[in-house]
Amino acid sequence: MSTLRVSADAPDESVIGRAADVIRRGGLVAFPTETVYGLGADALDERAVARIFEAKGRPSYNPLITHVPDLSAARRLSRTWPALADRLGEAFWPGPLTLIVPKADTIPDIVTAGLDSVGVRVPAHPVALALLRAADTPLAAPSANRFTEVSPTTAAHVERGLGDRVEMILDGGPTAVGIESTVLDLTGPRPVLLRPGSISLDALEAVAGPIERSGAVEGEAPRRSPGMVDKHYAPRGELVVFPRARREEMRTAVDAAKGRGLVVGGLLLDTAPPGLDQVMMMPSDAAGYARELYAALHRLDGEGCDLIVVDDVPADPEWAGIRDRLQRAARD
Ligand code: TXA
Ligand code: MG
């Protein structure tokens, strides 16, 4: 495995060329996007895509997002490209939005886990776009972490999780958004939000009209985003979110854990309670918090935290993606 540094603003063509060669030979390249690092392979090469699942330890029922450099390349991945996808693509691409559309026959079933739909996205990162253009093929790319582990926002995170399992890592520095793309399903009569991200629902609805929230209804039928049912984005230690109005419960939990000799970390918005071994003070704005969230979790993991206590984040819409990730990480 080799890690190659590459400027995030003006990626070196020779470095990108080497990465594109790896892709064309059926290999795996981890690369930065604006959200998190992706683990990329040629989406049209079944054997290369199989290696993604192997490297991640990811179950084959979990479909991958296919990345393309522009809207016209995106259209070619779908047999019936919805008009709404054009409007959304024009408004939000390149950017942290994945659209689920009816899939074209050229895309191998392994990419979509046998589904008749495909997730498509144009990432807003010069390195990702340069690689897509140089490789001249769509790239299937999940987040570049082992299955159920925390997504990587730096090349060092990728190295730690997958270092011996990829041919090349392109190091373009820390990612700007920090949480995964918003996933919007356009295959039904109305768009459905499958995964919240950094784009606000208001902004999406301004372009798309009313959007249904997946899982908003209690006891709803099976979710259409298979990846969403699993425990995801989780640190090794137990993560517990505490309402900020009931800070004494956090203090009690910390005391109890310390009494049992556990290593305790905090992901906090307010002053740390006494006794914590590791404290990550988080930004109080949603964009800043999202940018630092996974690096903070990787850090607390690395320090061997058995318990991570977390200040609940605001209920405002711009925190939806962060709330979702914290809830998933906290799930047993
Ligand atoms: O920001 C991101 O989206 C990053 C970067 C690398 O682009 N990628 C990412 O991929 O987060 P991954 O594989 O970790 O998450 C993909 C999500 C999963 O929840 C998966 O179930 C959903 O997208 N998905 C993909 N294709 C789908 C489809 N055809 N139908 C429903 N959900 C789909
Ligand atoms: Mg992932």
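Before reading on, note that the structure itself is shown above.
Residues numbered from 1 in each chain as written. Chains lettered and ligands numbered in written order. Predicted model: local features only at pLDDT ≥ 70, side-chain atom pairs only at ≥ 80, totals over all residues. Heavy atoms only, no water.

## Things to note about the site of ligand 1
Around ligand 1, a shell composed of 27 residues is seen, among which Thr35, Arg58, His67, Ser181 and Arg195 lie nearest. One nitrogen or oxygen atom from the side chain of Thr35 is found 2.7 Å from an oxygen atom belonging to ligand 1. Between ligand 1 and the protein, one listed contact pairs an oxygen atom with a side-chain N or O atom of Arg121 at 2.9 Å. In isolation ligand 1 has 680 Å² of accessible area, and contact with the protein removes 98% of it. Listing elements by their share of the shell around ligand 1, those giving two or more residues are β4 (65–67), β6 (117–121) and β10 (192–195). (Near = heavy atom within 4 Å. Polar contact = N/O pair within 3.5 Å; in protein donor to acceptor, adjacent residues only side chain to side chain. Areas by Shrake-Rupley, 256 points an atom, 1.4 Å probe, with all protein chains shown as cover. Helix = DSSP H or I, 4+ residues; strand = E, 2+ residues; numbered from the N terminus.)

## Brief notes about the pairing of β10
A regular strand places its side chains so that they alternate between the two faces of the sheet. Of the pairings in the sheet, the one linking strand β9 (residues 182–185) to β10 comprises three bridges and is antiparallel in character. Each bridged residue has a counterpart across the sheet, and for Leu184 the counterpart in β10 is Leu193. Pairing geometry for β10 and strand β11 (residues 212–213), over two bridges, is parallel. When the bridges of β11 are listed, Val192 appears paired with Glu212. In terms of handedness, the path from β10 via helix α8 (residues 201–208) over to β11 forms a crossover that is right-handed. (Pairing = 2+ DSSP bridges. Right-handed = clockwise from strand over helix to strand, strands pointing away.)

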